[in-house]
Amino acid sequence: MTTQIRKSVFETNSSSTHSLSISNIGGLYQTLRHDNGIISVPLRFYTFGWEQETYYDAESKLAYMMIYARDWANDKQKEFFEILKEVVEKQTGCILLNDESEGGYDNGYIDHQSVEDCDLHYMFREPELIRQFIFNPNSYLETDNDNH
Amino acid sequence: MIITDNIRYRNGNVDVTISSDGTKVRQFDGAQFVVHPETIDVKITNYCDAACPFCHENSTVNGTHCDLEKLEKILSKLPMGVELAIGGGNPLSHPELLRFLFFCKDRFIINLTVNQKHLKTHEDLLRYLIMHKLVNGIGISVTNSKTIENDMDYLFAITKNIVFHVIAGVHGVSIIDELAPYKYPILVLGYKLWGRGVEYSDRISGKNHAVWEKVKMWKIDIPRYLGKVHLCFDNLAVEQLELQKWFDEKTWNEVYLGEDFTISMYIDAVLEQFAPTSRDPYRVSWNKMSLEEFFNNGKTKEITNRR
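On a predicted model such as this, the values are computed, not experimentally measured, just so you know.

Time to look at the overall build of chain A. Counting its secondary structure elements, chain A contains 5 helices and 8 strands. Written out in order from the N terminus, the α and β elements of chain A read β-β-β-β-β-α-α-β-β-α-α-α-β. Taking 2.2 N^0.38 as the reference for a compact globule, 148 residues should give roughly 15 Å; the C-alpha atoms of chain A span a radius of gyration of 19 Å, well beyond that estimate. Counting over 148 residues, chain A shows a buried share of 47%. The long-range fraction of contacts in chain A, counting pairs at least 24 apart against all pairs at least 6 apart in sequence, stands at 71%.

The next subject is the interface of chain B and chain A. Where the parts come together, the accessible area they lose is often given as the size of the interface. Contacts between chain B and chain A engage 70 residues on the former and 40 residues on the latter. Taking both partners together, chain B and chain A bury about 4,700 Å²; carbon and sulfur atoms supply 55% of that area. On the chain B side of the contact with chain A, Ile220, Lys245 and Trp246 of chain B bury the most area, a combined 14% of that side's loss. Counting across the chain B and chain A interface gives 1 salt bridge.

This part covers the nonpolar core. Counting residues in each nonpolar core, the largest one holds 138 residues, and the members touching the most others are Phe233 and Ile267 of chain B. Sorting elements by how many residues they give to this core places helix α1 (residues 58-70) of chain A first, with 9 residues. Residues contacting Ile267 of chain B, with those up to four places away along its chain left out, are Ile40, Asp41, Val42, Lys43, Leu71, Ile74, Leu75, Gln273, Phe274, Trp286 and Leu291 of chain B.

The next point concerns the sheet that holds strand β2 (residues 14-18) of chain B. Within the open sheet, the 4 strands sit side by side as β1(A)-β3(B)-β2(B)-β1(B). Their pairing is antiparallel. In this open sheet, the two edge strands, each paired with only one partner strand, are β1 (2-6) of chain A together with β1 (7-11) of chain B. Between one strand axis and the next, the sheet turns through 15 degrees on average, direction left out of account. Where β2 of chain B and strand β3 (residues 24-28) of chain B come together, 4 bridges link them in antiparallel fashion.

Let us now look at the side chain of Ser145 of chain B. Residue and element names in this part refer to chain B. With respect to the secondary-structure elements, Ser145 resides in the loop between β7 (138-141) and α4 (148-158). Side-chain polar atoms of Ser145 contact the side chain of Glu178, separated by 2.2 Å. With sequence-adjacent residues up to four places away left out, Ser145 is seen in contact with Ile175, Glu178, Leu179 and Tyr182.

Moving on to the packing of α1 of chain A against helix α5 (residues 127-135) of chain A. All names here are of chain A. Following both chains from N to C, one finds α1 and α5 inclined at 140 degrees, their axes separated by 7 Å at the closest point. Taken together, the axes of α1 and α5 are oblique relative to one another. For the pair formed by α1 and α5, the contact residues are Ala58, Lys61, Leu62 and Met65 on the first element and Ile130, Phe133 and Ile134 on the second. In the contact of α1 with α5, the residues fall into 6 nonpolar, no polar and 1 charged.

Quick look at the packing of aromatic side chains now. Following the criterion strictly, the structure yields 24 aromatic pairs over all chains and no others. Both rings, one in Tyr68 of chain A and one in Phe80 of chain A, keep their centres 6.3 Å apart while their planes meet at 25 degrees; by these two values the pair is stacked. With Tyr68 of chain A in helix α1 and Phe80 of chain A in helix α2 (residues 74-92), this pair connects stretches of sequence that are 12 residues apart. Comparing Tyr68 of chain A with Phe80 of chain A shows no difference in burial state: the two are buried. Centroid distance Tyr191 of chain B to Trp212 of chain B: 5.6 Å. Interplanar angle 80 degrees. Geometry classified as edge-to-face. With Tyr191 of chain B in the loop between β9 (186-189) and α6 (196-204) and Trp212 of chain B in helix α7 (residues 211-225), this pair connects stretches of sequence that are 21 residues apart. A residue is classified by how much of its surface remains accessible, and Trp212 of chain B, at 37% relative accessible area, is partly exposed.

To continue, consider the confidence of the model for chain A. In the predicted model, chain A carries a mean pLDDT of 87, and 91% of its residues have values of at least 70. Averaged pLDDT values over the elements of chain A bottom out at 67 in helix α3 (residues 112-116) of chain A and peak at 97 in strand β6 (residues 95-96) of chain A.

Once that is clear, we can look at unusual backbone geometry. Residues and elements named next belong to chain B. In this chain, Gly88 is followed by Gly89 through a cis amide linkage whose omega measures 20 degrees. You can see Gly89 is positioned in the loop between β5 (83-87) and α2 (97-104). One non-glycine residue, Lys133, lies in positive phi territory at about 55 degrees. The topology assignment puts Lys133 in the loop between α3 (123-131) and β7. Residue Glu272 is not a glycine yet carries a positive backbone phi of 60 degrees. Within the secondary structure, Glu272 sits in the loop between β11 (264-268) and β12 (273-275). Given a relative accessible area of 16%, Glu272 falls into the buried group.

A few words on the state of the cysteines. Residues and elements named next belong to chain B. In total, this model carries 0 disulfides over all chains according to the counting rule given. Here Cys55 stays unpaired: no disulfide links it, and the sulfur of Cys52, its closest cysteine neighbor, is 6.5 Å away. With a relative accessible area of 16%, Cys55 lands in the buried category.

Parameters at a glance
- Position numbers for residues start from 1 in each chain and track the written sequence from start to end.
- Each chain takes a letter, starting from A, and each ligand takes a number, starting from 1, following the order in which they are written.
- Predicted model: local features are reported for residues with pLDDT of at least 70 only, side-chain atom pairs are reported and counted for 80 or more only, and whole-chain, interface and lining totals are derived from all residues.
- Only heavy atoms go into the side-chain values, all of them from the structure, while hydrogens and water stay out.
- Every helix listed is a DSSP run of H or I at least four residues long, and every strand listed is a run of E at least two residues long, numbered separately from the N terminus.
- The globule rule is 2.2 Å times the number of residues to the power 0.38, and the radius of gyration it is compared with is taken over C-alpha atoms.
- Accessible area is worked out with a 1.4 Å probe on protein chains only. A residue is then buried under 20% of its type maximum, exposed over 50%, and partly exposed in between.
- Every residue pair with non-hydrogen atoms within 4.5 Å of one another is taken to be in contact.
- Once two parts are brought into contact, the accessible area they lose, counted with a 1.4 Å probe and summed over both, makes up the buried area.
- A side-chain nitrogen of Lys or Arg and a carboxyl oxygen of Asp or Glu constitute a salt bridge if their distance falls within 4 Å.
- Residues belong to a common nonpolar core when they are buried Ala, Val, Leu, Ile, Met, Phe, Trp, Tyr or Cys residues joined through side-chain atoms within 4.5 Å.
- Here, any two strands with at least 2 DSSP bridges between them count as paired.
- Only the stretch in contact is used when a helix axis is fitted, and all axes are lines through C-alpha atoms; the angle between N-to-C directions ranges over 0 to 180 degrees.
- Whenever a nitrogen or oxygen atom comes within 3.5 Å of another N or O atom, the pair is scored as a polar contact, on the condition that within protein one atom can donate a hydrogen and the other can accept it, and that pairs from neighbouring residues in sequence are kept only if both atoms are in side chains.
- When an angle is under 35 degrees it counts as roughly parallel; over 145 it counts as roughly antiparallel; between 65 and 115 it counts as roughly perpendicular; any other value is oblique.
- Residues were grouped as follows: Ala, Val, Leu, Ile, Met, Phe, Trp, Tyr, Cys and Pro as nonpolar; Asp, Glu, Lys and Arg as charged; and all remaining residues, including Gly, as polar.
- Any Phe, Tyr or Trp ring, taking Trp's six-membered ring, that has another such ring centre within 6.5 Å forms a pair; planes under 30 degrees apart are called stacked, those over 60 apart edge-to-face, and the others tilted.
- The predictor attaches a confidence to each residue, called pLDDT, with possible values from 0 through 100.
- The disulfide criterion is simple: two cysteine sulfur atoms within 2.5 Å.

Rendered as structure tokens:
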């Protein structure tokens, strides 16, 4: 059975109808902080090592994807970033700035094995997966190691 | 019709319940089919002295009032419980409004949209309508958020069923911050390129406050408010602000009530025409077919024409 709900409001629209009435609901996607329509993620603050951590917030998940993209060279790096940029811009309406920093421990990193094994290449072939990963609040990033 | 207990009716295969705070629940199995509109947007006058430069209804002080007796005949076959959103022009300026509302009182759920500029000038009438339970919901087209307290103090005291109306593109998205403290729902309307809305959009484009620049900022910032402030949207806003992408599928299917003309329609009682919405060029004289025929057959025709 389909249930549709218009919550706590009468139809007062003098031009067409309320098609949506929402308050205090779940099922909403996350957004990213922006400054005047520009999203800039300071990758140097993100280190995804071998600790056991779970990240739900959109910025951490985007940072992970950006570092993953950055850790590849030349064309691949550019191709991956362009895909990320398109996904983020389409979802948020904001411009995503590339973090021009070189890789390395001081500029944010992902534990090498996750990158070397091409773990996330498949996501760049399907941008909707990236959108779901970054913006869906139920998607999360889990870091761990094999020492236990 | 003032709702004290829940109102229940069946429309085709859809069970509809409306409660006293306006909450509407629709339930159906399979694909829905409905036999009559559940909400009708009714323009009863084209007279208005507010002179909003973006008015998509093109209302002016030279605008005329509709013949409400004719409108009563058009509406008389509708079942009880249908919601009428009465607007204009300035609906409070119609000299027969009171008589019309008494006609509607035991038949329909009556809601009224009023420009903020008219709240003080028509205070006595509005008080009367609310105290005598002639209207349920009141939509207020916000023109000045700074004078709301002063303009609406008497309304706040006598009814809870208030909805602020704002237009994405006329108002900036920050209007939400200004209205949220009042704790009433805010209905966000899309920007209509219709009536004076066309000229207004052209005239101010290129300036800092251009309509589409504001719409762009709404698109960017609206997710910050979703789920935190009680917001409603019309279908045009849903489209212009690309809202669906911020919802998961299950939630969307629950809160989205469907496209225009699925359960709603528009009557321009001044021009004596039916239309899917106020901004739809597809219009049919109400002398040519009944409201029910237009709603059921017109839908097919309209869809065919668009294809």
